[in-house]
Amino acid sequence: MSEQRITIAITDGVADVRLARPDKRNALDPAMFEGLVLAGERLRDEPGVRAVVLSGEGPDFCAGLDFGSFQAMRDGQRLSATADLPPTDGPAQATGQRAAHVWTTLPMPVIAAVTGNALGGGLQIALGADIRIVAPDAVLSVLEIRWGLIPDMTGTQVLPELVGRDRAKELTFTGRRVSGTEAVRIGLATRVADAPREAALELAREIAAVSPHAVRAAKRLLESSGRVDVSTQLAAEQTEIGALIGSPNQKEAVAAGFEKRAPDFRD
């Protein structure tokens, strides 16, 4: 059932991933959770993919849990737990956590293109991306408190890193909705674009045109920054740069630069 919820098209190293439940505002149900996890796990090992764009079909990115999930919660049931997924040994164990966290585990950059609503779990999925490009009138909210819940899809880990601990508390305690413009101002999103998906695809193509090994090394380092001690981080820098210097793609980057031509990088 997961294939009905997510579509993937790969062109010239860019994976265009779309939540495909527009009639329900791409709301999260067990099939959507399955689709997100399986799509991310597939792309993690997909040869030739250098950047990923994550967006929603129709006007919305993702409006959060669907109404069926909320109705089940009144009876103490958690529909996300019924998703049919293989076990994982990663830090994110719950289904919802995996649907958001899987995008952080991809070695290549992930860009979320946000239009319309990105609410609750939908926002947490967007937070799993490396970069968020949002429409000025997009609506983002840590909405769980309005349903008597908390963000439980890795949001409590990621949100304070982006907006600061005090602002993360304010957004979480109130469920306040912010526009795309405000989201950029407070650090919840990266930048505004009138056509986020087109802007995200353009950025993805730009990233896909540079050395994939350098991009992946940069992502690893930036992901660990602030999460490990300074000595470990600086040692990792030297390990990564040592592996890049003199490598085939680094030689090609230098050659293409001197020869004033487009580089031909190998994955």
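Above this text sits the structure in question.
Residues numbered from 1 in each chain as written. Predicted model: local features only at pLDDT ≥ 70, side-chain atom pairs only at ≥ 80, totals over all residues. Heavy atoms only, no water.

## Brief notes about the pairing of strand 3 (residues 51-56)
Of all six residues in strand 3, six are buried, a share of seventy percent or more. Neither face of strand 3 is left uncovered, since the one carrying Ala51, Val53 and Ser55 and the one carrying Val52, Leu54 and Gly56 both have all their residues buried. In this structure, strand 2 (residues 14-19) lies alongside strand 3, joined through six bridges in parallel fashion. Residue pairing across strands places aspartate 16 opposite valine 53, the latter belonging to strand 3. Between the parallel elements strand 2 and strand 3, the chain passes through helix 1 (residues 30-44) in a crossover that is right-handed. Across three bridges, the pairing between strand 3 and strand 4 (residues 110-114) is parallel. Across the sheet, the residue bridging to leucine 54 is alanine 112, located in strand 4. (Buried < 20%, exposed > 50% of the residue type's maximum accessible area, 1.4 Å probe, protein only. Helix = DSSP H or I, 4+ residues; strand = E, 2+ residues; numbered from the N terminus. Pairing = 2+ DSSP bridges. Right-handed = clockwise from strand over helix to strand, strands pointing away.)

## Description of unusual backbone geometry
For residues other than glycine, phi is negative in most cases, and the peptide bonds are mostly trans. Of note in the backbone geometry, arginine 25 takes a positive phi value of approximately 55 degrees without being a glycine. Examined against the element boundaries, arginine 25 turns out to sit in the loop between strand 2 and helix 1. Residue class for arginine 25 comes out partly exposed when judged on its relative accessible area of 46%.

## Some words on the pairing of strand 4
Side-chain positions along a regular strand alternate between the two faces of the sheet. Of all five residues making up strand 4, five are buried, and the element is well covered by its neighbours. What you see with strand 4 is no split at all: Val110, Ala112 and Val114 on one side and Ile111 and Ala113 on the other are buried throughout. Two strands pair when backbone bridges link them, and strand 4 and strand 6 (residues 131-134) are joined in this way by four bridges, in the parallel orientation. Across the sheet, alanine 112 pairs through a bridge with arginine 132, a residue of strand 6.

## A few points about the sheet that holds strand 7 (residues 139-141)
The sheet built from three strands is open, its strands ordered 5-7-8 with mixed pairing. Because the sheet does not close on itself, it has two edges, and the strands there are strand 5 (117-119) and strand 8 (177-179). The sheet shows a mean angle of 20 degrees between the axes of neighbouring strands, taken without regard to direction. Inspection of the sheet shows strand 5 paired to strand 7 by three bridges, in the parallel sense. Note on strand 7: the bridge partner recorded for alanine 118 is leucine 140. (Axes fitted to C-alpha atoms, helices over the stretch in contact; angles between N-to-C directions.)

## Brief notes about helix 6 (residues 165-174)
Regarding helix 6, the residues found buried are Ala168, Leu171 and Thr172. Buried residues along helix 6 cover an arc of 95 degrees about the axis, so they all sit on one side. Residues of helix 6 that are exposed and point over 90 degrees away from its buried face: Asp166 and Phe173. Those residues of helix 6 that are buried lie in contact with helix 5 (155-163), strand 8 and helix 7 (180-186). One or two steps after helix 6, the chain reaches glycine 175, where phi turns positive at roughly 70 degrees. (Arc of directions from axis to C-beta. Contact = heavy atoms within 4.5 Å.)

## Quick notes on the packing of helix 5 against helix 6
Between helix 5 and helix 6, the shortest axis-to-axis distance is 7 Å and the interhelical angle comes to 125 degrees. Of the possible angle classes, the one that applies to helix 5 and helix 6 is oblique. Classified by chirality, the crossing of helix 6 by helix 5 is right-handed. Contacts from Leu159, Pro160 and Val163 in helix 5 reach Arg165, Arg167, Ala168 and Thr172 in helix 6. (Parallel < 35°, antiparallel > 145°, perpendicular 65-115°, else oblique. Left-handed = near helix turned anticlockwise from the far one by under 90°.)

## Quick notes on the packing of helix 9 (residues 212-224) against helix 10 (residues 230-244)
Two elements in contact, helix 9 and helix 10, have axes whose closest approach is 10 Å; the angle formed by their N-to-C orientations is 175 degrees. As far as their axial angle goes, helix 10 and helix 9 are roughly antiparallel. Note on element contacts: helix 10 touches helix 9 through Gln233, Ala236, Glu237, Glu240 and Leu244, opposite His213, Ala214, Ala217, Arg220, Leu221 and Ser224. A class-by-class count of the residues in the contact of helix 9 with helix 10 yields five nonpolar, three polar and three charged. (Nonpolar A, V, L, I, M, F, W, Y, C, P; charged D, E, K, R; others polar.)

## Overview of the pattern of salt bridges
Opposite charge on two side chains makes pairing possible when the charged atoms of those side chains draw close. In the structure shown here, the tally under the stated rule is 19 salt bridges. Across the salt bridge formed by arginine 18 and glutamate 57, the nearest N and O atoms sit 3.8 Å from each other. In this pair, arginine 18 is assigned in strand 2 and glutamate 57 in the loop between strand 3 and helix 2 (67-73), connecting sequence segments 39 residues apart. Among the charged side chains, a network of salt bridges with common partners joins Arg5, Arg21, Asp29 and Asp66. (Salt bridge = Lys/Arg side-chain N within 4 Å of Asp/Glu carboxyl O.)

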